[in-house]
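# Residue-level structure breakdown
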Amino acid sequence: MDLGTSTAGPPPSNKRRNVFSPTKIQALSDDISSAVFSFLDLVHLIRCTAVCKSWRQVIDKSKLLQTLCYKQRGIFGGDFDISTPSEGIWRRLQALAISQHQSSLRAGSVDIYQWRGHSDGIDKCKMKVGLLLTGGSGKVMRLWSVERYKCLAEYDLPHTGSLIDFDFDESKVVGLVGSNICLWRRKEKKNIFSSQGVQFPRASCMCYVDPEAVVGCEDGRARVFDMYGRKWARIIKMHDGPITCLSLSDDHLLIGGSSFGRISLSDLSSDQQVGTLKTNDSADLSTLCYNSSSKILFVGSRAGRASSWDLRMMKRLWEVRVSPNVLTSIQHMRDDTSILAVGGIDGVLHLVGPQNGDILSSCIMDESSRKLYRSQNHHQSKVTRKKGIRVLEDARIDLMPRTSRPSINCLAVGMQKVVTTHADGYIRVWRFGK
């Protein structure tokens, strides 16, 4: 049974998506709402619990989730007690979903849905709860539905410089444009705020955890912008050379990568450096991601090497060569480190085991499998579908056509899917099936 919203096949039709809405359901009594929800299957019922608190309360109170899980108890291996509390069910469903995610990315079928998202190259992307924010060398950022391949919003960039980095949450978009922090409301095209008047050395990256945005600069310093006070609050010295990549965790740990394989760790709450690390190959670091739950850091370099660090022990776990070329992005699904997705200039989507750095699979596109999936109209992009190919471990990547492996500028990981963005303006959603 598929518990996620991302399968190898196309998403369900959108023709009936407005039949039930939170407003309509909330206007009904709990008994009638429960009767409406009882017509749903397990997958759609799980999705409804994530819509709003009132829906979750109705579903929990009526024991609908327990009833459906009991009817389909084979998904738990036949071992299921209908009296199991909702939280217990959620833990088991989460474990099952992660297991499906792992097996699909390791060995499942691969379908790629692609469309031209920008007329210029796409340098960055960020994905959260099925929404994808993209931007690059053009003068606009776009917010997409990953399931419907539809542009939901556009954000005009001010004429104060190039877009360097960005992030978003449920209510706003934060971007670094030149040396200015800019702020947009999620539903508004024009930015509502732009920092002005402070000049600093060239910025290369930004990370954001409300209420602070941190900018990494070529002078080795991180500059902290207070979103509430709307002012530059302080400066943190991290490296002697340029900061090339940044990560900021919910517990205020600031991690900055730099040249010569150096990593610096600082406590943002005290502005104190708490440690330094160094990779073996001394190459410039190009990308990193940090898992706050496991305290594991993953780093990629311009020499094509990836490494893993346990920050509780300040110890390197492994370091391997993933590609002969620059790694541009290394990511895992939020709060899960079962599989790493790694992309770079070679255009191959590498899936790596986080425990030891083993390359579990490497995927490229099958150019001969192009098929029109959705026609162009006012609201929808022209989407084509291709098959993905898992290449053999000893295959010569350099002999494979570049059209099958366009360079990956950035990537993001979701349940049973990976999204990649490219210099030709294309967005590709890699969906992994059973």
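Let me sum up the structure you'll find in this document. What you are looking at is a predicted structure, and each value in this text was computed from that prediction instead of being measured.

On to the overall build of the protein. Looking only at helices and strands, the protein features 6 helices and 29 strands. A burial count over the protein gives 54% of its 434 residues as buried. When contacts within the protein are restricted to residue pairs at least 6 apart in sequence, long-range pairs at least 24 apart make up 48% of them. Put simply, the protein shows about 19,900 Å² of open surface, and 50% of that area lies on carbon and sulfur atoms.

Time to look at the state of the cysteines. In this structure the tally under the stated criterion is 0 disulfides. Sulfur of Cys-217: no disulfide; nearest cysteine sulfur belongs to Cys-205 and is 8.0 Å away.

Before going further, it helps to spend a moment on the environment of Ile-192. Within the element layout of this structure, Ile-192 appears in the loop between strand S8 (180-185) and strand S9 (193-194). The partly exposed category is assigned to Ile-192, whose relative accessible area is 31%. Residues Ile-192 and Cys-182, spaced 10 residues apart in sequence, show a C-alpha to C-alpha distance of 7.7 Å.

Another point: the sheet that holds strand S10 (residues 203-209). Each strand in a sheet pairs with its neighbour through backbone hydrogen bonds, running either in the same direction (parallel) or in the opposite one (antiparallel). Strand order in this open sheet of 4 strands is S10-S11-S12-S13, and the pairing throughout is antiparallel. Among the strands making up the open sheet, the edge pair consists of S10 and strand S13 (231-237). In this sheet, neighbouring strand axes are inclined to one another by 25° on average, regardless of whether the strands run parallel or antiparallel. Of the pairings in the sheet, the one linking strand S12 (residues 221-226) to S13 comprises 6 bridges and is antiparallel in character. Across the sheet, residue Asp-226 finds its bridge partner in S13, namely Lys-231.

All right, on to the sheet that holds strand S3 (residues 131-136) then. A sheet is described by the order of its strands in space; here 4 strands give the open sequence S2-S3-S4-S5, paired in antiparallel fashion. Either end of the sheet is taken by a strand with one partner, and the two such strands are strand S2 (122-128) and strand S5 (150-156). Strand-to-strand twist of the sheet, defined as the mean angle between neighbouring strand axes without regard to direction, takes the value 20°. Taken together, the 6 bridges between S2 and S3 define a ladder with antiparallel strand orientation.

Throughout the structure, instances matching the rule amount to 25 salt bridges. Asp-165 serves as the salt-bridge partner of Lys-126, at 3.7 Å between the closest nitrogen and oxygen. With a gap of 39 residues between them, Lys-126 in strand S2 and Asp-165 in strand S6 (residues 163-168) connect regions that are remote in the sequence. Residue Arg-312 pairs with Asp-310 through a salt bridge whose shortest N-O separation is 3.3 Å. Classification of Arg-312 as exposed rests on a relative accessible area of 58%. On the basis of relative accessible area, Asp-310 is assigned to the buried category, the value being 8%. Connected via shared salt-bridge partners are Asp-281, Arg-305, Arg-316 and Glu-319.

The next subject is the packing of aromatic side chains. Overall, the coordinates contain 8 aromatic pairs when judged by the stated rule. Between the aromatic rings of Phe-298 and Trp-318, the centroid separation amounts to 6.4 Å while the plane-to-plane angle is 40°, which identifies the pairing as tilted. Here Phe-298 is found in strand S19 (residues 296-301), whereas its partner Trp-318 is found in strand S21 (residues 315-321), with 20 residues between them in sequence. Members of the aromatic cluster, joined through ring pairs, are Tyr-113, Trp-115, Trp-144 and Tyr-149. Lying over the aromatic face of Phe-166, Lys-126 brings its terminal NZ or CZ to 6.0 Å of the ring centre. In this structure, Lys-128 packs its charged tip against the face of Phe-168, placed 5.3 Å from the ring centre.

About the cut-offs
Residues numbered from 1 in each chain as written. Predicted model: local features only at pLDDT ≥ 70, side-chain atom pairs only at ≥ 80, totals over all residues. Heavy atoms only, no water. Helix = DSSP H or I, 4+ residues; strand = E, 2+ residues; numbered from the N terminus. Buried < 20%, exposed > 50% of the residue type's maximum accessible area, 1.4 Å probe, protein only. Contact = heavy atoms within 4.5 Å. Areas by Shrake-Rupley, 256 points an atom, 1.4 Å probe, with all protein chains shown as cover. Disulfide = S-S within 2.5 Å. Pairing = 2+ DSSP bridges. Axes fitted to C-alpha atoms, helices over the stretch in contact; angles between N-to-C directions. Salt bridge = Lys/Arg side-chain N within 4 Å of Asp/Glu carboxyl O. Phe/Tyr/Trp six-rings, centres within 6.5 Å; stacked < 30°, edge-to-face > 60°. Lys NZ or Arg CZ within 6 Å of the ring centre and 35° of its normal.

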